[in-house]
Amino acid sequence: MAFNIVFLGLIALTFTLALSDHAPLQDFCVADPTKPVFVNGMTCKDPKQVSANDFFWSGLHMAGNTSNPVGSKVTPVTVTQLPGLNTLGIAMARIDFAPLGINPPHTHPRATEIVTVLEGSIEVGFVTSNPENRLITKVLNKGDVFVFPVGLVHYQRNTAHWNAVAIVALSSQNPGVVSIANSVFGSNPDIPADILGKAFQLDSSVIAGLQAKF
(Lines give C-alpha, C1' and ligand atoms only; values in the text may rest on other atoms or scores of the structure.)
Protein backbone atom coordinates (compact mmCIF):
# COMPACT_ATOMS: atom_id res chain seq x y z
CA MET A 1 0.00 0.00 0.00
CA ALA A 2 2.77 2.44 0.99
CA PHE A 3 4.66 1.57 -2.19
CA ASN A 4 1.59 2.32 -4.31
CA ILE A 5 1.15 5.72 -2.64
CA VAL A 6 4.81 6.61 -3.24
CA PHE A 7 4.59 5.37 -6.83
CA LEU A 8 1.47 7.45 -7.52
CA GLY A 9 3.15 10.43 -5.89
CA LEU A 10 6.13 10.09 -8.20
CA ILE A 11 3.82 9.89 -11.23
CA ALA A 12 2.02 13.06 -10.10
CA LEU A 13 5.35 14.82 -9.58
CA THR A 14 6.51 13.77 -13.03
CA PHE A 15 3.39 15.18 -14.69
CA THR A 16 3.68 18.38 -12.64
CA LEU A 17 7.25 18.89 -13.82
CA ALA A 18 6.28 18.07 -17.40
CA LEU A 19 3.66 20.84 -17.41
CA SER A 20 6.00 23.66 -16.39
CA ASP A 21 9.22 25.16 -17.70
CA HIS A 22 12.40 23.54 -16.46
CA ALA A 23 14.09 25.31 -13.57
CA PRO A 24 17.51 26.85 -14.31
CA LEU A 25 20.59 24.93 -13.20
CA GLN A 26 22.78 28.05 -13.12
CA ASP A 27 22.33 31.77 -12.40
CA PHE A 28 21.03 32.41 -15.92
CA CYS A 29 20.97 31.02 -19.44
CA VAL A 30 20.55 33.93 -21.83
CA ALA A 31 19.03 32.66 -25.09
CA ASP A 32 21.30 32.54 -28.12
CA PRO A 33 19.09 32.23 -31.24
CA THR A 34 22.12 32.12 -33.53
CA LYS A 35 23.13 28.60 -32.54
CA PRO A 36 21.80 25.92 -34.95
CA VAL A 37 21.02 23.47 -32.13
CA PHE A 38 17.52 22.18 -31.42
CA VAL A 39 16.76 21.92 -27.70
CA ASN A 40 13.67 22.15 -25.49
CA GLY A 41 13.92 25.89 -25.06
CA MET A 42 16.89 27.83 -26.39
CA THR A 43 20.64 27.30 -26.12
CA CYS A 44 22.67 29.43 -23.74
CA LYS A 45 24.84 32.37 -24.63
CA ASP A 46 28.40 32.28 -23.29
CA PRO A 47 28.06 33.83 -19.79
CA LYS A 48 31.20 35.87 -20.38
CA GLN A 49 29.45 37.59 -23.31
CA VAL A 50 26.27 38.42 -21.40
CA SER A 51 25.45 42.08 -20.77
CA ALA A 52 22.70 44.07 -19.05
CA ASN A 53 20.89 44.44 -22.37
CA ASP A 54 20.26 40.68 -22.43
CA PHE A 55 17.95 41.20 -19.43
CA PHE A 56 16.33 44.39 -20.72
CA TRP A 57 13.57 45.29 -23.17
CA SER A 58 11.78 48.59 -23.65
CA GLY A 59 8.37 49.12 -25.22
CA LEU A 60 5.46 48.40 -22.87
CA HIS A 61 4.94 52.13 -22.35
CA MET A 62 3.84 52.38 -25.99
CA ALA A 63 0.20 51.76 -26.93
CA GLY A 64 -0.40 49.01 -29.47
CA ASN A 65 -2.19 49.64 -32.76
CA THR A 66 -5.77 48.42 -32.33
CA SER A 67 -6.88 49.28 -35.88
CA ASN A 68 -7.78 45.72 -36.83
CA PRO A 69 -10.98 43.64 -37.07
CA VAL A 70 -10.93 42.53 -33.41
CA GLY A 71 -9.92 45.89 -31.93
CA SER A 72 -7.00 44.79 -29.78
CA LYS A 73 -3.22 44.48 -29.88
CA VAL A 74 -1.02 42.20 -27.79
CA THR A 75 2.58 43.32 -27.24
CA PRO A 76 4.44 40.24 -25.94
CA VAL A 77 7.60 40.07 -23.89
CA THR A 78 8.70 36.44 -24.17
CA VAL A 79 12.12 34.89 -24.60
CA THR A 80 12.00 36.00 -28.24
CA GLN A 81 12.00 39.67 -27.22
CA LEU A 82 13.96 39.29 -23.97
CA PRO A 83 16.66 36.58 -24.18
CA GLY A 84 17.34 36.74 -20.44
CA LEU A 85 13.98 35.05 -19.81
CA ASN A 86 15.38 31.74 -21.08
CA THR A 87 14.83 28.97 -18.46
CA LEU A 88 13.17 31.39 -16.00
CA GLY A 89 9.59 30.23 -16.69
CA ILE A 90 7.96 33.63 -16.98
CA ALA A 91 6.79 36.11 -19.62
CA MET A 92 4.44 39.06 -19.86
CA ALA A 93 2.48 41.17 -22.32
CA ARG A 94 0.59 44.41 -22.72
CA ILE A 95 -2.90 44.28 -24.23
CA ASP A 96 -4.46 47.40 -25.71
CA PHE A 97 -8.18 47.49 -26.47
CA ALA A 98 -10.10 49.84 -28.72
CA PRO A 99 -13.62 50.72 -27.55
CA LEU A 100 -15.58 47.43 -27.41
CA GLY A 101 -12.51 45.59 -28.76
CA ILE A 102 -11.85 41.96 -27.92
CA ASN A 103 -8.92 39.62 -27.47
CA PRO A 104 -10.64 36.62 -29.15
CA PRO A 105 -10.99 33.17 -27.54
CA HIS A 106 -7.58 31.49 -27.37
CA THR A 107 -5.44 29.23 -25.22
CA HIS A 108 -1.86 29.20 -23.97
CA PRO A 109 -0.78 25.55 -24.16
CA ARG A 110 2.21 26.05 -21.87
CA ALA A 111 1.16 28.70 -19.36
CA THR A 112 -1.24 29.96 -16.75
CA GLU A 113 -2.06 33.64 -17.29
CA ILE A 114 -2.78 36.35 -14.73
CA VAL A 115 -4.16 39.69 -15.87
CA THR A 116 -4.46 43.09 -14.19
CA VAL A 117 -6.36 46.05 -15.60
CA LEU A 118 -4.44 49.33 -15.86
CA GLU A 119 -7.13 51.43 -17.51
CA GLY A 120 -10.80 50.89 -18.29
CA SER A 121 -13.17 47.99 -17.67
CA ILE A 122 -12.59 44.57 -19.20
CA GLU A 123 -14.85 41.52 -19.27
CA VAL A 124 -12.82 38.33 -18.90
CA GLY A 125 -13.88 34.72 -19.14
CA PHE A 126 -12.70 31.15 -19.52
CA VAL A 127 -14.42 27.87 -20.31
CA THR A 128 -13.91 24.72 -18.27
CA SER A 129 -13.03 21.46 -19.99
CA ASN A 130 -15.44 18.80 -21.30
CA PRO A 131 -18.06 17.71 -20.48
CA GLU A 132 -19.14 20.71 -18.37
CA ASN A 133 -17.87 23.51 -20.64
CA ARG A 134 -18.92 26.07 -18.07
CA LEU A 135 -18.22 29.74 -18.81
CA ILE A 136 -16.70 31.58 -15.84
CA THR A 137 -16.74 35.31 -16.43
CA LYS A 138 -16.33 38.60 -14.59
CA VAL A 139 -16.00 42.31 -15.37
CA LEU A 140 -12.72 43.78 -14.10
CA ASN A 141 -12.01 47.41 -13.32
CA LYS A 142 -8.76 49.31 -12.84
CA GLY A 143 -6.49 47.45 -10.42
CA ASP A 144 -8.47 44.19 -10.51
CA VAL A 145 -6.68 40.86 -11.06
CA PHE A 146 -7.92 37.61 -12.64
CA VAL A 147 -6.25 34.29 -13.46
CA PHE A 148 -6.80 31.96 -16.43
CA PRO A 149 -5.80 28.33 -15.70
CA VAL A 150 -3.28 26.76 -18.06
CA GLY A 151 -4.62 25.45 -21.35
CA LEU A 152 -8.23 26.63 -20.98
CA VAL A 153 -9.97 28.69 -23.65
CA HIS A 154 -10.30 32.31 -22.50
CA TYR A 155 -10.98 35.80 -23.82
CA GLN A 156 -11.04 39.48 -22.85
CA ARG A 157 -13.41 42.24 -24.00
CA ASN A 158 -13.41 45.98 -23.46
CA THR A 159 -16.91 46.74 -22.18
CA ALA A 160 -16.66 50.51 -22.59
CA HIS A 161 -16.72 53.07 -25.41
CA TRP A 162 -13.19 54.21 -24.60
CA ASN A 163 -9.78 52.53 -24.65
CA ALA A 164 -8.62 49.96 -22.10
CA VAL A 165 -5.20 48.59 -21.18
CA ALA A 166 -4.16 45.43 -19.33
CA ILE A 167 -0.88 43.78 -18.35
CA VAL A 168 -0.61 39.99 -18.20
CA ALA A 169 1.99 37.65 -16.77
CA LEU A 170 2.43 34.06 -17.97
CA SER A 171 4.11 31.08 -16.35
CA SER A 172 6.35 30.18 -19.30
CA GLN A 173 9.14 31.89 -21.21
CA ASN A 174 7.29 30.77 -24.36
CA PRO A 175 3.61 30.32 -23.47
CA GLY A 176 2.38 29.89 -27.04
CA VAL A 177 -0.95 31.12 -28.36
CA VAL A 178 -3.65 29.05 -30.07
CA SER A 179 -6.35 31.37 -31.41
CA ILE A 180 -9.45 29.23 -31.76
CA ALA A 181 -10.96 30.78 -34.89
CA ASN A 182 -7.61 31.07 -36.68
CA SER A 183 -6.63 27.51 -35.83
CA VAL A 184 -9.93 25.93 -36.83
CA PHE A 185 -10.82 27.99 -39.89
CA GLY A 186 -7.40 29.27 -40.94
CA SER A 187 -5.22 26.16 -40.77
CA ASN A 188 -2.74 25.47 -43.57
CA PRO A 189 -3.85 23.36 -45.34
CA ASP A 190 -7.54 23.71 -44.53
CA ILE A 191 -9.23 21.21 -42.26
CA PRO A 192 -11.66 19.39 -44.62
CA ALA A 193 -15.00 21.18 -44.77
CA ASP A 194 -16.98 18.00 -44.13
CA ILE A 195 -15.16 17.50 -40.81
CA LEU A 196 -15.83 21.06 -39.69
CA GLY A 197 -19.39 20.82 -41.00
CA LYS A 198 -20.11 17.84 -38.77
CA ALA A 199 -18.24 19.33 -35.82
CA PHE A 200 -20.13 22.64 -35.95
CA GLN A 201 -23.36 21.30 -37.51
CA LEU A 202 -23.07 23.77 -40.39
CA ASP A 203 -23.49 23.54 -44.15
CA SER A 204 -20.25 23.23 -46.14
CA SER A 205 -20.92 26.58 -47.84
CA VAL A 206 -20.95 28.29 -44.45
CA ILE A 207 -17.68 26.55 -43.56
CA ALA A 208 -16.14 27.71 -46.82
CA GLY A 209 -17.21 31.27 -46.04
CA LEU A 210 -15.62 31.10 -42.60
CA GLN A 211 -12.39 29.64 -43.97
CA ALA A 212 -12.22 32.45 -46.51
CA LYS A 213 -12.12 34.99 -43.67
CA PHE A 214 -9.01 33.45 -42.16
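Parameters at a glance
Residues numbered from 1 in each chain as written. Predicted model: local features only at pLDDT ≥ 70, side-chain atom pairs only at ≥ 80, totals over all residues. Heavy atoms only, no water. Helix = DSSP H or I, 4+ residues; strand = E, 2+ residues; numbered from the N terminus. Buried < 20%, exposed > 50% of the residue type's maximum accessible area, 1.4 Å probe, protein only. Contact = heavy atoms within 4.5 Å. Disulfide = S-S within 2.5 Å. Pairing = 2+ DSSP bridges. Axes fitted to C-alpha atoms, helices over the stretch in contact; angles between N-to-C directions. Polar contact = N/O pair within 3.5 Å; in protein donor to acceptor, adjacent residues only side chain to side chain. Phe/Tyr/Trp six-rings, centres within 6.5 Å; stacked < 30°, edge-to-face > 60°. Salt bridge = Lys/Arg side-chain N within 4 Å of Asp/Glu carboxyl O.

Student: Looking at this model, I keep getting lost on the overall build of the protein. Mind explaining?
Tutor: In terms of regular secondary structure, the protein is built from four helices and ten strands. A total of 214 residues make up the protein; the buried ones form 33% of that total. Taking the contacts inside the protein whose residues are at least 6 apart along the sequence as the reference set, 69% of them involve residues at least 24 apart.

Student: How should the state of the cysteines be read in this particular structure?
Tutor: A covalent bond between the sulfur atoms of two cysteines is what we call a disulfide. A full pass over the atoms with the stated rule returns one disulfide. Disulfide pairing places Cys29 opposite Cys44 at an S-S distance of 1.7 Å. Taking the torsion about the sulfur-sulfur bond, which here is approximately -95°, the covalent link between Cys29 and Cys44 counts as left-handed. Separated by 15 residues along the polypeptide, Cys29 in the loop between α1 (2-18) and β1 (72-77) and Cys44 in the loop between α1 and β1 bring together distant segments of the chain. Relative accessible area serves as the criterion here: at 32%, Cys44 is assigned to the partly exposed category.

Student: Sorry, what's going on with the sheet that holds strand β4 (residues 113-119) here?
Tutor: Strand order in the open sheet formed by five strands is β1-β2-β9-β4-β7, and the pairing between neighbours is antiparallel. Lying at the two open borders of the sheet, with one neighbouring strand each, are β1 and β7 (145-148). The sheet shows a mean angle of 20° between the axes of neighbouring strands, direction not considered. Across seven bridges, the pairing between strand β2 (residues 91-97) and strand β9 (residues 164-170) is antiparallel. The partner of Ile95 across the bridge, within β9, is Ala166.

Student: Mind showing me how you'd approach the side chain of His154 here?
Tutor: Relative to the elements of secondary structure, His154 occurs in strand β8 (residues 154-158). A polar contact of 2.9 Å, which involves the side chain of His154, links it to the side chain of Glu113. There is a polar contact of 3.0 Å between the side chain of His154 and the backbone oxygen of Leu152. Those residues in contact with His154, other than ones at most four positions away along the chain, are Pro104, Pro105, His106, Thr107, His108, Glu113, Gly125, Phe126 and Phe148.

Student: Mind showing me how you'd approach the packing of aromatic side chains here?
Tutor: We describe a pair of aromatic rings using the distance from one ring centre to the other and the angle between the two ring planes. One pass over the structure, following the stated rule, counts five aromatic pairs. Consider the rings of Phe146 and Phe148, whose centres lie 5.4 Å apart with planes at 65°: the pair is edge-to-face. An aromatic cluster is defined as three or more aromatic residues linked by ring pairs; in this entry it consists of Phe126, Phe146 and Phe148.

Student: Mind showing me how you'd approach the pattern of salt bridges here?
Tutor: Between side chains of opposite charge, a pair can form as their charged atoms come close. Summed over all chains, the structure comprises five salt bridges. Notably, a salt bridge pairs Glu119 with Lys142, separated by 3.6 Å at the nearest N-O pair. Taken as a pair, Glu119 in strand β4 and Lys142 in the loop between β6 (135-140) and β7 lie far apart in primary sequence, 23 residues in all. Relative accessible area serves as the criterion here: at 40%, Glu119 is assigned to the partly exposed category. A salt bridge links Arg134 to Glu132, with the nearest nitrogen and oxygen atoms 3.4 Å apart.

Student: Any chance you could explain the sheet that holds β6 here in plain terms?
Tutor: The strands that make up a sheet pair up through hydrogen bonds in the backbone, lying either parallel or antiparallel. Strand order in the open sheet formed by five strands is β6-β5-β8-β3-β10, with antiparallel pairing between adjacent strands. Unpaired on one side and paired on the other, β6 and β10 (178-179) mark the two borders of the sheet. Bridge count between strand β5 (residues 122-127) and β8: five bridges; the pairing is antiparallel. For Phe126, the partnering residue across the bridge sits in β8 and is His154.

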